[in-house]
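Coordinate analysis (summary)
Here's the letter readout for the chains.
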Amino acid sequence: MHTDLNDLFAEARRTPSEPSPDLLARIMADAEDNMARPVTAPPAPVRSPWRFLGWLLGVSGASAGMASAAIAGVWVGFSQPDTVSRVTAAYWAVTSVEVIPTYDFLTDETQ
Amino acid sequence: MLMPLDQMTDVTDDALLILYANGDKAAARALTLRLTPRVLGFAARVLSDRAEAEDVAQEAMVRLWRMAPEWRQGEAKLTTWLYRVTANLCTDRLRKRRKSVTLDDAPEIEDAAPSVEQAMMAGDRMRALDAALAGLPERQRQAVVLRHIEGLGNDEIAGIMDIGVEAVESLTARGKRALAALLSGQRQQLGFEEG
């Protein structure tokens, strides 16, 4: 009898339960209802160095820009970046220029 | 509603679930087409009621969709998890159905015999099998269906039913004996040769 029973089981395996189109539609609707919604990230804050400096100084908006520019000016003045140093050095370089020629050549004994 | 065939046959259940968790509708469709027949077939044979089995299948699949974001690939087999959920839902339904009377204590084999004969008269072998299965105690029925119709291994059934492998072997052996007893008087109607 167990052999016959195994035949019945095999027949049952060959004839799987076919879900109705209505059931499949309901399950798909559930799937869509429970599907993760795409997450909309908040807009990233603008990364501006001037705004960051303003944030450090505790001011915002146009004041932040002015304050930042002032700080930057002071910093440039004190630190004197290499490029600036070379320009100023070239500008203020003192070279000796002989405006009145000497007359040593008149007393030169060799002549 | 027309449903296209599962086009993702080479993609594992795990991978499909992860795709679904990331919002892939095609993965949801593939999982629905792949898993619903198995869940429905198991529930229908355990509950012996098509409408209730459809409700259970839908509920089991809802739980699958909700669990998807937390699923950890490789930790467990998805079908094992789903069969377990389905088995628990069926148990809840049967508990409500029989209320205070436990199915295992009821004299089911004798009660099932008339329905088996009715199915035989209709000449429907599958209906006869289902009627005989309905006569088994619930745990035996679950084990027999999972082992001999769903084709699962004893290890997996043990995981689904939360029992040891030896208990699974015992349930399936007793279940088969009981089924054989239920169907023994119907050999001719079943088309089995005397021997």
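Residues numbered from 1 in each chain as written. Chains lettered and ligands numbered in written order. Predicted model: local features only at pLDDT ≥ 70, side-chain atom pairs only at ≥ 80, totals over all residues. Heavy atoms only, no water.

1. What to know about the overall build of chain A
Along its length, chain A carries 6 helices and 0 strands. When the elements of chain A are put in sequence order from the N terminus, they spell out α-α-α-α-α-α. Counting over 111 residues, chain A shows a buried share of 15%. Total accessible area on chain A stands at roughly 9,000 Å², and carbon and sulfur atoms take up 63% of it. (Helix = DSSP H or I, 4+ residues; strand = E, 2+ residues; numbered from the N terminus. Buried < 20%, exposed > 50% of the residue type's maximum accessible area, 1.4 Å probe, protein only. Areas by Shrake-Rupley, 256 points an atom, 1.4 Å probe, with all protein chains shown as cover.)

2. A few points about the overall build of chain B
Across its full length, chain B carries 10 helices and 0 strands. For chain B, the succession of helices and strands along the chain, N to C, is α-α-α-α-α-α-α-α-α-α. Relative to its full complement of 195 residues, chain B shows a buried share of 49%. Partitioning the intrachain contacts of chain B with sequence separation of at least 6 by distance along the chain shows that 65% fall at a separation of at least 24. If you sum the accessible surface of chain B, you get close to 9,500 Å²; carbon and sulfur atoms cover 49% of it. (Contact = heavy atoms within 4.5 Å.)

3. Considering the packing of aromatic side chains
All names here are of chain B. In total, this model carries 2 aromatic pairs over all chains according to the counting rule given. Arranged with centres 4.7 Å apart and planes meeting at 45 degrees, the rings of Y20 and W65 form a pair that is tilted. Here Y20, found in helix 1 (residues 13-21), pairs with W65, found in helix 3 (residues 50-67); they are 45 residues apart in sequence, far enough to count as distant. Accessibility assignment for this pair places Y20 and W65 in one class, buried. When the ring of F42 is compared with that of Y83, the centres are 5.5 Å apart and the planes differ by 85 degrees; the resulting orientation is edge-to-face. With F42 in helix 2 (residues 25-47) and Y83 in helix 4 (residues 78-98), this pair connects stretches of sequence that are 41 residues apart. Its relative accessible area of 0% is what places F42 among the buried residues. On the basis of relative accessibility, which here comes to 2%, the residue Y83 falls in the buried class. (Phe/Tyr/Trp six-rings, centres within 6.5 Å; stacked < 30°, edge-to-face > 60°.)

4. Some thoughts on the nonpolar core
L17, Y20, L64 and W65 of chain B are the most contacted members of the largest nonpolar core, which has 65 residues in total. Looking at which element gives the most residues to this core, the answer is helix 2 of chain B, with 12 residues. (Core = buried A, V, L, I, M, F, W, Y, C linked by side-chain atoms within 4.5 Å.)

5. Points about the side chain of T86 of chain B
All names here are of chain B. With respect to the helices and strands, the residue T86 is situated in helix 4. A distance of 2.7 Å separates a polar atom in the side chain of T86 from the backbone oxygen of L82. Every residue in contact with T86, bar those within four places of it in the chain, is listed here: V39, F42, A43, V56 and A60. (Polar contact = N/O pair within 3.5 Å; in protein donor to acceptor, adjacent residues only side chain to side chain.)

6. With respect to the confidence of the model for chain B
A residue-level look at chain B finds 78% of positions with pLDDT of 70 or above and a mean pLDDT of 86. No element of chain B has a lower mean pLDDT than helix 5 (residues 108-121) of chain B, which averages 58, and none a higher one than helix 3 of chain B, which averages 97. (pLDDT = per-residue confidence, 0-100.)

7. Points about the packing of helix 1 of chain B against helix 2 of chain B
Residue and element names in this part refer to chain B. Running from N to C, helix 1 and helix 2 cross one another at 140 degrees; their axes reach a closest spacing of 8 Å. When the axes of helix 1 and helix 2 are compared, the pair comes out oblique. Seen from above, helix 1 lies across helix 2 with left-handed handedness. Touching D13, L16, L17, L19 and Y20 of helix 1 are A27, A28, A30, L31, R34 and L35, all from helix 2. For the contact of helix 1 with helix 2, the per-class residue count stands at 9 nonpolar, no polar and 2 charged. (Axes fitted to C-alpha atoms, helices over the stretch in contact; angles between N-to-C directions. Parallel < 35°, antiparallel > 145°, perpendicular 65-115°, else oblique. Left-handed = near helix turned anticlockwise from the far one by under 90°. Nonpolar A, V, L, I, M, F, W, Y, C, P; charged D, E, K, R; others polar.)

8. Focus on unusual backbone geometry
Residue and element names in this part refer to chain B. Located in the positive-phi region is S48, a residue other than glycine, with phi close to 55 degrees. Along the chain, S48 turns up in the loop between helix 2 and helix 3. Residue S48 is classed as partly exposed on the basis of its relative accessible area, which comes to 42%. Located in the positive-phi region is D162, a residue other than glycine, with phi close to 60 degrees. With respect to the helices and strands, the residue D162 is situated in the loop between helix 8 (154-161) and helix 9 (165-183). A relative accessible area of 57% means that D162 is categorised as exposed.

9. So, the interface of chain A and chain B
One frequently used descriptor of interface size is the decrease in accessible area upon assembly of the parts. Each partner contributes to the interface: chain A provides 28 residues, whereas chain B provides 40 residues. Buried surface at the junction of chain A and chain B, summed over both partners, amounts to about 3,200 Å²; 67% is from carbon and sulfur atoms. With a closest N to O distance of 3.9 Å, E32 of chain A and K25 of chain B form a salt bridge. For the interface between chain A and chain B, the tally reads 12 residue pairs in polar contact (both at pLDDT 80 or more). Mapped by element, the contributors of at least two residues to the side of chain A that touches chain B are helix 1 (2-14) and helix 2 (21-33) of chain A. The element best represented in the side of chain A that touches chain B is helix 2 of chain A, accounting for 10 residues. (Buried area = accessible area lost by both parts, 1.4 Å probe. Salt bridge = Lys/Arg side-chain N within 4 Å of Asp/Glu carboxyl O.)

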